[in-house]
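# A closer look at the structure
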Amino acid sequence: MTHWVSISASVRKLHNGVACPRGICAAKLLQCEKEIKLLTAEIDRLKNFGCLGVSPSLEALRDENTKLKYRLNFLRKSLLDERNKPVKSMININGRLQKLFGEAIKAAYPDLENPPLAVTPSQQPKFGDYQCNSAMGITQMLQKTKEQKVNPREIADNIVKNIPDNECIAKVEIAGPGFINVHLREDFVSKQLSNLLVNGVQPPAIEKRKRVVVDFSSPNIAKEMHVGHLRSTIIGDSMCRLFEFVGYDVLRLNHLGDWGTQFGMLIAHLQDKFPDYLTVSPPIGDLQAFYKESKRRFDTEEEFKKRAYQCVVLLQSKNPDFIKAWKLICDVSRKEFQKIYDSLDITLIERGESYYQDMMKDIVQEFEERGFVQVDDGRKIVFVPGCSVPLTIMKSDGGFTYDTSDLAALKQRLFEEKADIVVYVVDSGQSVHLQTVFAAAQMIGWYDPKVTRVVHAAFGVVLGEDKKKFKTRSGDTVRLIDLLDEGLKRSMDKLKDKERDKVLTAEELKAAQTSVAFGCIKYADLSHNRMNDYIFSFDKMLDDRGNTAAYLLYAFTRIRAIARLANIDEEMLQKAAREADLILDHEKEWKLGKCILRFPEILQKILDDLLLHTLCDYLYELATTFTEFYDNCYCVEKDRQTGKIVKVNMWRMLLCEATAAVMAKGFDILGIKPVQKM
């Protein structure tokens, strides 16, 4: 009777949990089925053994078993109905198939621990829409662990037999050595496209709302932003937009370099060269020149070096005059940074190194109390296992370091902000330093990487067309404001070359200029794998052929124009989306429909690896797939003599609308603003 009690409990739990997350329901369902098999086997064993005859208790068990099977069939149907209910979030089809194949593999091979699960979109239509390639991996596992000689095709067949009832698979085929080719149901794809059109582009479902801190941009006070800040600013903003779209609670932090010895140097130099430093700050260009001069004096004049250190002490002890001078310098820098952030439509909360100053003493004390601190030539250092360079948390003169402020910042983000994910969008040159800081935080017990994700989203440098670090002709670092101005100029030249100034209003031309200029600069960065260096070239990024923002923006405006030129407004499209069936009979319609619906799985991949070029590649694939569709499938049919519209194929207009909607959301995540006319 033990089995019966546990099964009853399982069924009750399953019944109560029909509306719970589907993965949990499915897991409970599998558990129930497993327990039924155990019970059935036990009944058969007892019956065959012949010691019970047909006892009343056995009859009761059989009766209960019949009821249980009925109940399970009912629950299976409820689960399927629950899955088929219209949902606001877009379905990640790859994720759905992985879940189905995961359940099938578990049912076919319940004793295998962590069997491989590989489901990918098929590269060729003859291989179906998706492929599951798990059979070969399972074959290898069985040969190693069970020492069984097995045929991968047999394993594939076993998996296929155990695929649960579902709403998305039309048929599966086993090909070659054991590939499982999956064909999607047309009504399923059509329904998902209709949901997209009615509900708008929605994020994929997430398990829980997470708190995310993203540290990006981070220029230095008293210095102008240069091309090196471009990558962190653009990549960080796009990551934040993605996290926000899926419903996470995002804190966008600008970790300004606004504290330290350099401010003592600068104020000491201003005392000599800029006597009004307590009432007004020099403009940013002059400040940068003064900063360079102060650094030269600090390195060469011993007397000035002593005075600079005195100024640092006065600043750190919060002397009112020095705090006033420091604030004036910060304000001038902040205003210049804001001009760039406004141009690029970037939102940030400023929280510089100065914010963490009062926490640093406690950080040093905590590491000392835990026995992690060693003294080396007067410095307090921390060796972290597996890291080649120790952290210096206090200098021999008692001052704190970048190591201390980075530890304080990380602790504040983990404990006060209660972050589930912390992302540092910082260049690759900081990799060793940041990995050491993260390892120290784990060592002292601030976070468990299995629970909290702390990650360095590293990126390479921007190169000039000579493949050397991007510089001006005079060898100086390129100022970011100059780069953006040059982008605007070249964008306008390109539009005028195409004679867009003759067909667009002044307002439309200005909007197109800004969209193309800043869109191209952002896309050129984001379309490269951030781990690699990339070559900055205005000519390439403004080319309207190939994988560029210029091409995609033009493609988007053309798609939007199809409905406008056919006199189809948004209300008509919405009505058609609610009432009309999306027909996907033509191979190009089918290909486009599937491509549109891959959007959620693309976003999920980026949430996992934080590589935004995947989204750029997808948008380019979507645009080229749309072109194939448009060239082969008439959306609007016209009389060849008069040019009058004789027929509008509304289901194809809906495919145009769905494509444009997904492209618009993709642009939004990349921080690119498309325009309706270009």
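Residues numbered from 1 in each chain as written. Predicted model: local features only at pLDDT ≥ 70, side-chain atom pairs only at ≥ 80, totals over all residues. Heavy atoms only, no water.

## Observations concerning the sheet that holds strand β1 (residues 119-121)
Note the threshold: Two strands pair if DSSP finds at least two bridges between them. Helix and strand assignments follow DSSP, with helices taken as H or I runs no shorter than four residues and strands as E runs no shorter than two, numbered in order from the N terminus. Lines fitted to C-alpha atoms define the axes, with helix axes restricted to the stretch in contact, and inter-axis angles between N-to-C directions lie between 0 and 180 degrees.
Here we have 4 strands laid out as an open sheet, ordered β1-β2-β4-β3, and antiparallel in their pairing. Unpaired on one side and paired on the other, β1 and β3 (169-175) mark the two borders of the sheet. Each strand axis lies, on average, 25° off the axis of its neighbour in the sheet, ignoring direction. In this sheet, strand β4 (residues 179-184) lies alongside β3 in antiparallel orientation, the contact comprising 6 bridges. Following the sheet pairing, Val172 is matched in β4 by Val182.

## Comments concerning the pattern of salt bridges
Convention followed: In what follows, salt bridge is the name for a side-chain nitrogen of Lys or Arg lying within 4 Å of a carboxyl oxygen of Asp or Glu. Think of it in three bands: with a 1.4 Å probe and only protein chains considered, a residue is buried below 20% of the maximum accessible area for its type, exposed above 50%, and partly exposed in between.
Taken as a whole, this structure holds 45 salt bridges when the rule is applied. Residue Arg252 pairs with Asp237 through a salt bridge whose shortest N-O separation is 2.9 Å. Of the two residues, Arg252 sits in strand β6 (residues 249-254) while Asp237 sits in helix α8 (residues 227-245), which places them 15 residues apart along the sequence. The class of Arg252 is buried, set by a relative accessible area of 9%. Given the relative accessible area of 1%, Asp237 is considered buried. Ionic pairing is found between Glu657 and Arg560, a salt bridge with its closest N-O pair at 3.2 Å. One end of the pair, Glu657, is in helix α24 (residues 650-670); the other, Arg560, is in helix α19 (residues 549-565), with 97 residues separating them in the sequence. Assessed through its relative accessible area of 21%, Arg560 is described here as partly exposed.

## Here's the deal with the nonpolar core
Defined as follows: Buried Ala, Val, Leu, Ile, Met, Phe, Trp, Tyr and Cys residues that are joined via side-chain atoms within 4.5 Å together make up what is termed a nonpolar core. Whether two residues touch is decided by their heavy atoms; if any such pair falls within 4.5 Å, the residues are in contact.
The biggest cluster of nonpolar side chains holds 166 residues, and the ones touching the most others in it are Leu97, Leu230, Phe243, Val423, Phe536 and Leu615. Discounting chain neighbours no more than four positions away, the residues touching Leu97 are Val119, Tyr130, Cys168, Ile169, Val182 and Leu184. Counting 32 residues, the second-largest nonpolar core is a separate cluster that includes Met394, Ala408, Ala439 and Ala440.

## Description of the sheet that holds strand β9 (residues 379-382)
Taken in spatial order, the 3 strands make up an open sheet running β8-β9-β10, and their pairing is antiparallel. One side of each edge strand has no neighbouring strand; the edge strands of this open sheet are β8 (373-376) and β10 (391-394). Across the sheet, the mean angle separating the axes of adjacent strands is 45° when strand polarity is ignored. Bridge analysis of β9 against β10 gives 3 bridges, and the strand direction is antiparallel. Following the sheet pairing, Val382 is matched in β10 by Leu391.

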